[in-house]
Amino acid sequence: MNKRRIKKAIKRITNLPKGKYLLWYACNKIKHFYLKSTHSTKVAYPSSLMLELTNHCNLACTTCPREYRYGKEMDKGMMDMVSAKKIIDEIWPYLDSIGLTGMGETFLYKELATIANYIKHKNEGIIISVSTNAVLPNFIPQVREVINVIDTIQVSIDGLGKTYEKIRKKSNFELLDKNLRTLSTIARDSDTDIMMNMVVTKENYKDMPALVSYAKEVGVKYLDFTLLNLASATDIDASYYDFYQSQLFIDKVKELEEIIAQTPQVLVTERHFKTDNCFQKCPFPWSHFYICWDGYVAPCCAKPFPKELHFGNVMKSSVIETLNSESYQQFRRQWFANQAPAFCNKCHYINIEPIRTK
């Protein structure tokens, strides 16, 4: 566990629910461990959740599922406040963390601060995170409203300079740079952590070491690298993953590790390069449940497209009933059998071989 997660864990432990809600929370934890130990296909109330407030976005990134077939076919909209509060009201006593981000740009949701404050009013120990491209024209005034309310703001940055602009289409690196520097300044000495995330591709992998130095320069403490997930990228063949086994990539990873060792001011929290190659590596049948803006529960954040697959709708039944629907339990039976469904084809949890750098 890294320093950022330890910090969040301490905050959560010192701000557990009070009174009868603490009893509910504890009983739910016991139920979770019981169901896990008995290999049940049912789950307890979720301790972590992804709540998609909107799937609208101002960019058209080449790494984003929105830009491929399933993403182009999905319905788009905003979750209404009544529905968002209904979901939160049902699950908040059991939550440790919640992400308020989905396929869209989080800060396009005008009531983001209202929802974040609503969650903290329920229990200030619930850890809230969001992801953003940080290039909306009014980004800085909006983000000021949630400093000290939202615990982690993750900024997507798939490269530097022109490389960034080739991948994150309709964006502008100069504006991102300006906003990142301002964001790191206003978040300094606050309870809000800023983290940058890079989706590593053939087009930007050379920027990995430089991004560590850039994070130090702009005052961002945390950095995350993830590999491109082709699960929903219908135009790209799975052979794309072969690049991650190439000597070119492995040499660059070694260079990355060297610069990380030389830059203690930046904590690289994840690299995900030694991933196992099986369905049982995937945590999503059991945690980080994804609720789409229109209430459908999708299998994961890589393909949150209900028209292809969903397990029910929390607007029509309760969250816990939906999470334990027969279709969801069947999905988990496949997980126990380590038999990935067709839905998961090309997912990096399944199709990428472990990347060996030694």
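Conventions adopted
- Residues numbered from 1 in each chain as written.
- Predicted model: local features only at pLDDT ≥ 70, side-chain atom pairs only at ≥ 80, totals over all residues.
- Heavy atoms only, no water.
- Helix = DSSP H or I, 4+ residues; strand = E, 2+ residues; numbered from the N terminus.
- Rg over C-alpha atoms; globule rule 2.2 N^0.38 Å.
- Buried < 20%, exposed > 50% of the residue type's maximum accessible area, 1.4 Å probe, protein only.
- Contact = heavy atoms within 4.5 Å.
- Lys, Arg positive; Asp, Glu negative; His and termini not counted.
- Charge placed at Lys NZ, Arg CZ, Asp CG, Glu CD.
- Axes fitted to C-alpha atoms, helices over the stretch in contact; angles between N-to-C directions.
- Parallel < 35°, antiparallel > 145°, perpendicular 65-115°, else oblique.
- Nonpolar A, V, L, I, M, F, W, Y, C, P; charged D, E, K, R; others polar.
- Pairing = 2+ DSSP bridges.
- Right-handed = clockwise from strand over helix to strand, strands pointing away.

Trainee: Explain the overall build of the protein here, please?
Mentor: Each helix and strand counted, the protein has 13 helices and 11 strands in total. Taken against the 2.2 N^0.38 rule, which gives 21 Å for 358 residues, the C-alpha radius of gyration of the protein at 20 Å falls within 12% of a compact globule. Each principal axis of the C-alpha atoms in the protein carries an extent, and together these give about 50 × 45 × 40 Å. Burial status across the protein gives 58% buried among its 358 residues. For the protein, restricting intrachain contacts to residue pairs at least 6 apart in sequence, the fraction spanning at least 24 positions comes to 75%. Averaged over its 48 positive side-chain charges, the protein has a centre that lies 3 Å from the centre of its 38 negative ones.

Trainee: Mind showing me how you'd approach the packing of helix α8 (residues 173-187) against helix α9 (residues 208-218) here?
Mentor: The axes of two packed helices give the description: the angle between them and the distance between them. Here α8 crosses α9 at 50 degrees, and the two axes come no closer than 9 Å. Viewed along their axes, α8 and α9 adopt a mutual orientation that is oblique. For the pair α8 and α9, the contacting residues are Phe 173, Asp 177, Leu 180, Arg 181 and Ser 184 in the first and Tyr 214, Glu 217 and Val 218 in the second. When its residues are assigned to classes, the contact of α8 with α9 shows four nonpolar, one polar and three charged.

Trainee: Mind showing me how you'd approach the pairing of strand β5 (residues 152-156) here?
Mentor: Walk down a regular strand and you will see the side chains alternate between the two sheet faces. Judged by how many residues are buried, β5 sits mostly within the fold: five of five residues are covered. Of the two faces of β5, the one carrying Thr 152, Gln 154 and Ser 156 and the one carrying Ile 153 and Val 155 are both buried. Summarising the sheet, strand β4 (residues 127-132) and β5 pair through four bridges and their orientation is parallel. Note on β5: the bridge partner recorded for Val 130 is Ile 153. Note that the unit made of β4, helix α6 (residues 139-144) and β5 has a crossover that is right-handed. Of the strand pairs in this sheet, β5 and strand β7 (residues 193-200) are connected by five bridges, and their pairing is parallel.

Trainee: It is not clear to me how the sheet that holds strand β9 (residues 267-270) should be interpreted in this structure. Could you clarify?
Mentor: Hydrogen bonds between backbone atoms are what pair the strands of a sheet, whose relative direction is either parallel or antiparallel. Spatial strand order, β9-β8-β7-β5-β4-β3-β1-β10-β11: nine strands in an open sheet with mixed pairing. Edge positions in the sheet fall to β9 and β11 (297-298), since each of these pairs with one other strand and no more. As defined by bridge partners, strand β3 (residues 97-99) adjoins β4 across three bridges and the pair is classed as parallel. Opposite Ile 98, over in β4, you have Ile 128 as the bridge partner.

Trainee: Where do I start with the environment of Val 253 in this structure?
Mentor: Relative to the assigned elements, Val 253 resides in helix α10 (residues 247-261). Its relative accessible area of 2% is what places Val 253 among the buried residues. Sequence spacing of Val 253 and Ile 355 is 102 residues, and the spatial spacing of their C-alpha atoms is 9.9 Å.

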